[in-house]
Amino acid sequence: MEGRLLSLMVTQLSKSEGKINRIKTSLLNRQSNQAGFTLIEVLLILFIIVTMLMSLPPLFHSVQNTINEKYFLQQYEEDLFYAQSVALSRRRAVYYQYDSNKKIYKITDHRGNVYLQRQVPDDVVISHGHLANFRFVGDGNINRFGNIWVQVNGKKYQIFISIGSGRFEIFEESS
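Analysis parameters
Residues numbered from 1 in each chain as written. Predicted model: local features only at pLDDT ≥ 70, side-chain atom pairs only at ≥ 80, totals over all residues. Heavy atoms only, no water. Helix = DSSP H or I, 4+ residues; strand = E, 2+ residues; numbered from the N terminus. Buried < 20%, exposed > 50% of the residue type's maximum accessible area, 1.4 Å probe, protein only. Contact = heavy atoms within 4.5 Å. Areas by Shrake-Rupley, 256 points an atom, 1.4 Å probe, with all protein chains shown as cover. Core = buried A, V, L, I, M, F, W, Y, C linked by side-chain atoms within 4.5 Å. Polar contact = N/O pair within 3.5 Å; in protein donor to acceptor, adjacent residues only side chain to side chain. Pairing = 2+ DSSP bridges. Axes fitted to C-alpha atoms, helices over the stretch in contact; angles between N-to-C directions.

Draft legend 1. Spatial organisation of the overall build of the chain. Along the backbone of the chain there are three helices and eight strands. When the helices and strands of the chain are placed in sequence order, the string is α-α-α-β-β-β-β-β-β-β-β. Taking all 175 residues of the chain together, the buried fraction comes to 25%. Considering only intrachain contacts with a sequence separation of at least 6, the fraction spanning at least 24 residues in the chain is 44%. Accessible surface, the chain: about 12700 Å² in total, of which carbon and sulfur atoms supply 59%.

Laid out in structure tokens, this is it:
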């Protein structure tokens, strides 16, 4: 009797295993059929990504303008400091000259030897007023004081050069 009961249990288990395997197979088939995306879903996601990417260039353009603006002002200030340091180290006058037609400024000595020459970018406008040409004397001071006006990307800056100390400061003009 025990042998018959055991064989009946084995038969039932094998039938159950077969049913379980069929259920697993059908579930896996259903999942594999439902795991993908439809073409419409993929196209919709691509459209959203492309739309978002198209909005980035104006952002990068404004960031690039700000970087160019800061770079030019920093470079211009460093060039003026350079002219002053050359005058101090050589104990001779060093001249600053700006050519508005060519948009070039130069740092030269009294003989015309050029220490530095830079092209001003197209989006920068420099108006010197009475300081188009000035010099740093041998002690690092400037021969006359005044303002240089610089406009970069629509923003106006005033560079004030004070006499006696040879110092200069950059102020952003409020609109």
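Draft legend 2. Structural detail: the nonpolar core. In terms of nonpolar packing, the biggest core is built from 27 residues, with Phe 72, Tyr 76, Ile 126, Phe 134, Ile 148 and Val 150 touching the most fellow members. Secondary-structure elements contributing two or more residues to this core are helix H3 (56-90), strand S1 (94-99), strand S2 (104-108), strand S4 (124-127), strand S5 (133-136), strand S6 (146-152) and strand S7 (155-161). A per-element tally of this core places H3 first, with seven residues. In contact with Ile 148, not counting residues within four places along its chain, are Tyr 76, Ile 126, Ser 127, His 128, Leu 131, Phe 134, Tyr 157, Gln 158, Ile 159 and Ile 161.

Draft legend 3. How the structure looks around the side chain of Asp 79. Residue placement: Asp 79 occurs in helix H3. By relative accessible area, Asp 79 is classed as buried at 4%. At 2.4 Å, the side chain of Asp 79 and the side chain of Tyr 105 are in polar contact.

Draft legend 4. Structural detail: the sheet that holds S1. An order of S3-S2-S1-S5 is seen for the four strands of this open sheet, with the pairing classed as antiparallel. Taken across any chain shown, the strands that pair with only one partner, and hence form the sheet edges, are strand S3 (114-119) and S5. Taken pair by pair, the neighbouring strands of this sheet meet at an average axis angle of 15°, ignoring direction. Judged from the five bridges that link them, S1 and S2 form a sheet pairing that is antiparallel. Across the sheet, Tyr 98 pairs through a bridge with Tyr 105, a residue of S2.

Draft legend 5. Representation of the pairing of S5 within the structure. Residues Phe 134 and Phe 136 point to one face of S5 and are all buried, whereas Asn 133 and Arg 135, pointing to the other face, are not buried. Pairing of S1 with S5 involves four bridges; the strand directions are antiparallel. From the neighbouring strand, Tyr 96 faces S5, where its bridge partner is Phe 134.

Shape is all these values report; function is a separate question.
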